[in-house]
Amino acid sequence: MSSAAEFLQLRYIPYLAAGYAIYFFLYRVVLYPRYFSPLRKVPGPPLGNPLLGHYLTIVKSESCIPQREWTKAHGPVVRMMGPLGAERLIFTSPEALHQIMVKDWIENPRPSFMRDVLGLVAGYGLLTVTGDAHKQLRRSMNPAFSIPNLMAQTDMYYEPIEGLVEILNTQLKAEPAGKVFTMYEWMGKVTLDIICETAFGYKTDCLHNPSNELAVAFEQLLSLQDGVNLAKLVAVISIPGAPRLLTSDFLFRHRAWVGRLPVISTLEHLIDSLHRIRTISRKMLREKTEDLSVAPEDMSTKKDIMSLLVRARKAELDADPSVEAMSDTAMVDQVLTFLAAGHETTATGLSWTLWLLANDQESQRRLREEVTLVYKANPRPDYRTLKSLQWLDCVVNESLRVLPPVPTTFRMADKTDYIEGVLVPKGTVLNIPIRVINTWRQVWGEDAEEFRPARWLTGNLPKAYNSTFSNFSFIAGPHGCIGKTMAVSEMKAVLLAMIANFEFAPAYRGQVAHPATAITMKPEDNMPLRVTRVQA
Ligand code: HEM
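From a predicted model like this one, the values you see are computed outputs, not experimental measurements.

Along the backbone of the chain there are 24 helices and 9 strands. With respect to the three principal axes, the spread of C-alpha positions in the chain is 90 × 60 × 45 Å. Looking at the chain as a whole, 40% of its 536 residues qualify as buried. The long-range fraction of contacts in the chain, counting pairs at least 24 apart against all pairs at least 6 apart in sequence, stands at 73%.

Quick look at the structure:
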């Protein structure tokens, strides 16, 4: 080809690019969703801003409130719009949830933006793999979450819990009228101490040592959690290679540059905290592996998740040295997943439970009556005792129902298929709004959004209640939360000690809840509550 012809072709590139941009905007963004999409007849709110759809409404509102309004107005399947004409479907009925999350879970994996965000902050582990790789990984993790192992772990909760009781008691000694504590911070510290011990067998004691490296790194990471930062992060990691770059040593060394960039300067703190968390996790893994080589009999008494994984890997290699066992990096990722997935969720659940009890003094009084006798007999009740307390169970179920720590999740249709009578094209993002599902009026009645623990008492559950799909806080199916039983048991152990020792009330008149719109629905104001000592 002559150089003149080449020149002519190059000249057209900007025109072609501009033509494609105009086509894309006019057809994909404006015309397609309005006139051609097979989803155009699915009910939903007006399409909104063509560039951003309902994106801004969602990130700027309290988590799941727009979705709740839309499903109230349009029914259990709703079409909404993402940015640039991307259609999304909201599904809420048990039939649809069964198909998406249980029956066809492999055809409806987590979308890549969600896997990238979770992989970045919580490690490339159970939260990011799917299909056969997930089945295999989950099989190797299940023993760590078996009931016998959880029973053996329960005692590990109590040192941090007793530390917290002691700290609050000390600070309240000279305060007969009580004092305001930001309870989310304290719940974050106690659950971090507990998960570090149960996941790594590592004592952080960040309750007494607020400058603990891991605690500081997590605090920094969690302070970045809000809808706007999440939206920026999703945009950045959609650039190919960005997720790996963000955890690289190179970017860590040059993070100050990132801090100087407009709009995404907060990434500097993200890179910093992720690097610190990974470094500490690697150190803990190294110590575990050395432990294993020197004291095998001691290791068999260790019940933390990492010891179990290290032992399982060694057994696998001993049986067949040619086997491809999990690498150290993969192992760190697995444990990082438990640390991230198990710490903040439980802290958020506990904070909202205290908030709900602070606003329902009768339920709080009844809970105190139930737990005080148990606590006085033994301040370290075992797994079975925690499970047997009826009102405590009602309170935890109801709190997780009305204010679920993970308020929403997503899947992506990997093949074109009918879901609840709607032909869903391959590539459509499916939104599963957990908070909306949990407060569905057709199941829970007119007071569905209110905290009423008594609805969980035997015989009180509504006729339409479905034990798998009506309270969806831990979702269901092969990706259902592996830590569900552990989280519930841990929440009960913390609440029992809190309610037996302290009374909780709102911090000030007219206080309202501020649930954040992020991966977890943490209280944006860190949940100030007035705490007083229970009179003996
Ligand atoms: C109240 C506390 C908790 C809540 C509300 C919660 C909620 C959830 C939800 C909704 C999912 C599904 C996410 C999705 O696929 O979209 C999930 C998955 C997961 N959770 Fe939890 N979680 C809690 C505590 C824990 C704890 C304590 C651990 C571990 C120590 C844990 C570990 C995990 C893991 C590893 C997954 C991924 C499971 C898989 O895909 O196989 N979670 N959790």
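Read on, since the account is not over.
Moving on: helix α9 (residues 183-200). A rise of 1.5 Å per residue sets the reference length of α9, with its 18 residues, at 26 Å; its end C-alpha atoms lie 25 Å apart and thus fit the reference within 8%. Where burial is concerned, most of α9 is hidden: 17 out of the 18 residues are buried. Trailing α9 by a residue or two, G201 shows a phi angle of about 70°, which is positive.

Next up on the list: the UniProt feature "transmembrane region" (unreviewed entry) in the chain. The UniProt feature table records "transmembrane region" (unreviewed entry) at residues 12-31. A helix fraction of 100% and a strand fraction of 0% characterise residues 12-31, whose end C-alpha atoms lie 26 Å from each other.

As a further point, take the environment of F200. Topologically, F200 is positioned in helix α9. Between the C-alpha atom of F200 and that of K303, which follows or precedes it by 103 residues, the distance is 9.2 Å. The contact partners of F200, leaving out residues within four places of it in the chain, are M284, D304, M306 and V335.

Mapped onto the present numbering, the UniProt feature "binding site: heme" (unreviewed entry) falls at C481. For C481, the position within the fold is in the loop between α23 (441-444) and α24 (484-501). For C481, a count of 18 C-beta atoms within 10 Å translates into the label partly exposed. Each residue touching C481, except ones within four places of it in the same chain, is listed here: F474 and I475.

Bringing the site of the ligand into the picture now. Surrounding the ligand, one finds 24 residues, the nearest of these being G342, T345, T409, C481 and G483. Of all the elements in the fold, those that place two or more residues in the shell around the ligand are α18 (328-358) and α24. Examining the composition of the shell around the ligand, we find that 7 residues originate from one element, α18, more than from any other. Residues of the shell around the ligand, tallied by class, amount to 13 nonpolar, 9 polar and 2 charged.

The side chains of a regular strand alternate, residue by residue, between the two faces of the sheet. Inspection of the sheet shows strand β3 (residues 179-182) paired to strand β9 (residues 528-533) by 4 bridges, in the antiparallel sense. Looking at the pairing, T182 lines up with P528 of β9. Examined bridge by bridge, strand β8 (residues 502-506) and β9 share 5 bridges and lie antiparallel to one another. Its bridge partner being in β9, E503 is matched across the sheet by T532.

At their nearest, the axes of helix α5 (residues 112-122) and helix α11 (residues 227-237) sit 10 Å apart, and the two run at 105° to each other. On the basis of their axis angle, the class for α5 and α11 is roughly perpendicular. Contacts between α5 and α11 involve F113, D116, V117 and L120 from the former and L233, V234 and I237 from the latter. Class assignment of the residues belonging to the contact of α5 with α11 gives a composition of 6 nonpolar, no polar and 1 charged.

Here the focus is the sheet that holds β8. Taken in spatial order, the 3 strands of this open sheet run β3-β9-β8, and their pairing is antiparallel. Of all strands in the sheet, those with a lone pairing partner are β3 and β8, marking the two edges. Taken over all neighbouring pairs, the strand axes of this sheet differ in orientation by 40° on average, direction set aside.

Attention now moves to helix α3 (residues 65-74). If you check which residues of α3 are buried, you get P66, Q67, W70 and T71. Down the axis of α3, the sector holding all buried residues measures 130°, keeping them to one side. Relative to its buried face, α3 has exposed residues pointing more than 90 degrees away, namely K72 and A73. Positioned one or two residues after α3, G75 has a phi angle of 100°, which is positive.

Moving on to unusual backbone geometry. In the Ramachandran plot, L84 falls in the positive-phi region, its phi being about 50° despite a non-glycine side chain. Examined against the element boundaries, L84 turns out to sit in the loop between β1 (77-81) and β2 (87-91).

Our next topic: the nonpolar core. One finds A199, M306, V335, L354, V494 and L529 to be the most contacted residues of the largest nonpolar core, which totals 98 residues. With 16 residues, α18 is the single largest residue contributor to this core. The contact partners of V494, leaving out residues within four places of it in the chain, are I161, V190 and L350. In this structure, V42, L89, I434 and I475 belong to the second largest nonpolar core, which totals 28 residues.

Turning our attention to the sheet that holds strand β7 (residues 429-432). With mixed pairing, the 4 strands of this open sheet are ordered in space as β1-β2-β7-β4. Edge positions in the sheet fall to β1 and β4 (409-412), since each of these pairs with one other strand and no more. Neighbour-to-neighbour, the strand axes of the sheet open up by a mean angle of 30°, direction not taken into account. Here β2 pairs with β7 via 3 bridges, running parallel. Bridge pairing links R88 to V429 in β7.

It is worth spelling out the confidence of the model for the chain at this point. One rule of thumb: low pLDDT means the predicted coordinates there are not for detailed reading. On average, residues of the chain carry a pLDDT of 89, and 96% of them reach 70 or more. Model confidence for the complex is summarised by a pTM of 0.91, with the ipTM given as 0.99.

Conventions and cut-offs
- Residues numbered from 1 in each chain as written.
- Predicted model: local features only at pLDDT ≥ 70, side-chain atom pairs only at ≥ 80, totals over all residues.
- Helix = DSSP H or I, 4+ residues; strand = E, 2+ residues; numbered from the N terminus.
- Buried ≥ 20, exposed ≤ 12 C-beta atoms within 10 Å, placed from the backbone.
- Contact = placed C-beta atoms within 7 Å.
- Expected span 1.5 Å × (residues − 1).
- UniProt positions renumbered as here; feature names shortened; annotations may be inferred.
- Near = placed C-beta within 6 Å.
- Nonpolar A, V, L, I, M, F, W, Y, C, P; charged D, E, K, R; others polar.
- Pairing = 2+ DSSP bridges.
- Axes fitted to C-alpha atoms, helices over the stretch in contact; angles between N-to-C directions.
- Parallel < 35°, antiparallel > 145°, perpendicular 65-115°, else oblique.
- Arc of directions from axis to C-beta.
- Core = buried A, V, L, I, M, F, W, Y, C linked by C-beta atoms within 7 Å.
- pLDDT = per-residue confidence, 0-100.

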